[in-house]
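Here is what each chain is made of, one letter per residue.
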Amino acid sequence: MENTPFFTDDTIVFGILMLCLGLVFYTSSIKTGFWKSFYKFVPAILLCYLLPAIFNSLGIISPHWEEVNANGELVEKSSSVYYIASRYLLPASLVLMTLSIDLKGIFNLGPKALIMFLTGTFGIIIGGPIAILLISLVSPETVGGAGFDAVWRGLSTLAGSWIGGGANQAAMLEIYQYNPDKYGGMVLVDIVVANLWMAILLIGIGKSEKIDKWLNADNTAIESLKEKVSSYAESITRNPSLTDYIIMLSIAFVAVGIAHWGAGGISSFLSGNFEVFNDKSSSLSSFTSKFFWMVTIATAIGILLSYTKMKKYEGAGASKIGSIFIYVLVATIGMKMDLGMIFENPGLIAIGLVWMTIHAGLLIGVAKLIKAPYFFLAVGSQANVGGAASAPVVAAAFHPSLTTVGVLLAVFGYVVGTYGAILCTILMQIASGS
């Protein structure tokens, strides 16, 4: 039974998460003494992620737990804060942060973003079978199992998650029929390894200039886009009124409502009229994911509004409000990470760590070869491993104007996720000798 956290009320949990954000932003604003030195080495966004993880690890808060109800039955309980942040605040932030987007500037970034994304995908595809081969040399039983208990079947769900997202992960579970009683172990690996890797990427953001120098990267196009958006924001900057704030929030959450309505409608239409979309073993099943369509529609609305007078609300701080929502999302993602889980299933965790190391090594090698900036490496990786919930987070940590790059790549990950995961699973099956 999972231990019940000290605080189970979401109102209190949200207050703790906001306390974490407040402490990080207050201390990072101090430009003298200890805190100045501290934030030279530790990026503020990493702490926004790690502090909630520490609260979770100490049993103070938790994303889910089990408790006994009034009838003496064991029931599963969960916090809704991540759901609210990812379903309400994420699409709102995507709209607000793309109001001032320069779509032409994003296309001018060139092919390196796509190359790094595809490199990340390839790293996941080959990383799985290589990890199985390497771990089998040390611990053959860790990668063994027969029939529906075969470890490679479970690892197929990781491949789906790390190339696409939750919908692709569910599709792989349906295709390869891994034992549901053991599936929790794979979810554990997904959470631990993916979140550790995200933490490493966030650390790198604070040292991106040094990394770019080592990679001999030319980030002129990125800096040009950031400067263009910043210059535009400065040219229209005004002291926002209450009316401005209400209108910006109205734009954001009306768009969220439209995105949810559209996502539900499209998903229902596809599943109700085309049998192929109902087949969980089909690669097309991910297109019935409401989350996929919600992110896609919200981003599309933001891009469309960037061609209207609404664009001028950037001068009243639209992207700053969007950034607030993103940081709340970061805190809720951090809350899902229990640092103690790292030691629960060392064998499977080891497979995941080796797998992610291969993914990372390949990304670094190709980035060095094509002189790609660290931004493309980080966002290309997170668009695979983290998907639409965290790729915008990493992109926005560099600059709000770059958020859309993360979204577009993550949406692309949904499209190729199941195909890539199937190829990876075939290779893992061969590697495990099944």
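This one's a predicted model, so the numbers in the text were calculated from it and none came from an experiment.

Asks: Which parts of the structure should I look at to understand the overall build of the protein?
Replies: For the protein, the count of helices and strands is 19 helices and two strands. At 22 Å, the protein has a C-alpha radius of gyration in line with the 22 Å of a compact globule built from 434 residues. Principal-axis analysis of the C-alpha atoms gives the protein an extent of 65 × 60 × 60 Å. Classification of the 434 residues of the protein by burial places 53% in the buried group. A separation threshold of at least 6 residues defines the contact pool for the protein, and within that pool the share at least 24 residues apart is 83%. About 19100 Å² of surface is accessible on the protein, with carbon and sulfur atoms providing 65% of the total. Separation between the mean location of the 24 positive side-chain charges and that of the 25 negative ones in the protein comes to 15 Å.

Asks: Explanation requested: unusual backbone geometry in the structure shown.
Replies: Both trends apply: most residues other than glycine have a negative phi, and most peptide bonds are in trans. The residue Asn216 is not glycine, and still its phi comes out positive at about 55°. Of the residues examined, Asn216 reaches a relative accessible area of 48% and is grouped as partly exposed.

Asks: Just checking my understanding: could you explain the confidence of the model for the protein for this structure?
Replies: Detailed reading of predicted coordinates is not advised where the pLDDT is low. Mean pLDDT over the protein works out to 84, with 96% of the residues at or above the 70 mark. When mean pLDDT is taken per element in the protein, helix 1 (residues 10–28) scores highest with 95 and helix 13 (residues 275–278) scores lowest with 68.

Asks: Sorry, what's going on with the packing of aromatic side chains here?
Replies: The description of an aromatic ring pair uses the distance of the two centres, along with the angle that the planes make with each other. With the rule as written, the count across this model stands at 13 aromatic pairs. Each ring, one from Tyr83 and one from Tyr88, has its centre 6.5 Å from the other, and the planes form 75°; the classification is edge-to-face. By relative accessible area, Tyr83 is classed as partly exposed at 45%. Here a set of aromatic residues connected by ring pairs shows up, and it is made of Phe34, Trp35, Phe38 and Tyr39. A cation over a ring is seen here: Lys336 above Tyr82, with NZ or CZ 3.9 Å from the ring centre. Note that Lys368 overlies the ring of Trp214, its terminal NZ or CZ placed 4.3 Å from the centroid.

Asks: Even after reading the chapter, I still don't get the pairing of strand 2 (residues 74–78), so can you show me in this structure?
Replies: Consecutive side chains of a regular strand alternate in pointing toward one face of the sheet and then the other. Bridge count between strand 1 (residues 64–68) and strand 2: five bridges; the pairing is antiparallel. Along strand 2, the bridge assignment pairs Val68 with Leu74. The turn linking strand 1 back onto strand 2 is made up of five residues, and Gly72 within it adopts a positive phi angle of 80°.

Asks: Looking at this model, I keep getting lost on the nonpolar core. Mind explaining?
Replies: Nonpolar side chains tend to gather and get buried jointly when the protein is soluble and globular. Membership of the largest hydrophobic core comes to 138 residues, with the highest contact counts inside it found for Leu155, Trp162, Val295, Trp355 and Phe375. Top contributing element to this core by residue count: helix 9 (residues 183–205), with 14 residues. Residues within four places of Leu155 in sequence aside, it is in contact with Ile132, Met186, Ile351, Trp355 and Met428.

Asks: What's the story with the environment of Ser28 in this structure? I'm lost.
Replies: Inspection of the secondary structure assignment puts Ser28 in helix 1. A residue is classified by how much of its surface remains accessible, and Ser28, at 18% relative accessible area, is buried. The spatial distance from the C-alpha of Ser28 to the C-alpha of Ala44 is 6.7 Å, given a sequence separation of 16 residues. Ignoring anything within four residues of it in the chain, the contact list for Ser28 reads Tyr39 and Ala44.

Asks: What am I meant to see in the pattern of salt bridges here?
Replies: Any two side chains of opposite charge can pair if their charged atoms end up close together. In this structure the tally under the stated criterion is two salt bridges. Glu223 is paired through a salt bridge with Lys226; the nearest N and O atoms lie 3.2 Å apart. Here the residue Glu223 and the residue Lys226 both occupy positions in helix 11 (residues 220–235), the gap between them amounting to three residues, near one helical turn. The exposure class of Glu223 is partly exposed, given its relative accessible area of 35%. Ionic pairing is found between Asp244 and Arg238, a salt bridge with its closest N-O pair at 2.9 Å. By relative accessible area, Asp244 is classed as buried at 8%.

What counts as what
- Residues numbered from 1 in each chain as written.
- Predicted model: local features only at pLDDT ≥ 70, side-chain atom pairs only at ≥ 80, totals over all residues.
- Heavy atoms only, no water.
- Helix = DSSP H or I, 4+ residues; strand = E, 2+ residues; numbered from the N terminus.
- Rg over C-alpha atoms; globule rule 2.2 N^0.38 Å.
- Buried < 20%, exposed > 50% of the residue type's maximum accessible area, 1.4 Å probe, protein only.
- Contact = heavy atoms within 4.5 Å.
- Areas by Shrake-Rupley, 256 points an atom, 1.4 Å probe, with all protein chains shown as cover.
- Lys, Arg positive; Asp, Glu negative; His and termini not counted.
- Charge placed at Lys NZ, Arg CZ, Asp CG, Glu CD.
- pLDDT = per-residue confidence, 0-100.
- Phe/Tyr/Trp six-rings, centres within 6.5 Å; stacked < 30°, edge-to-face > 60°.
- Lys NZ or Arg CZ within 6 Å of the ring centre and 35° of its normal.
- Pairing = 2+ DSSP bridges.
- Core = buried A, V, L, I, M, F, W, Y, C linked by side-chain atoms within 4.5 Å.
- Salt bridge = Lys/Arg side-chain N within 4 Å of Asp/Glu carboxyl O.

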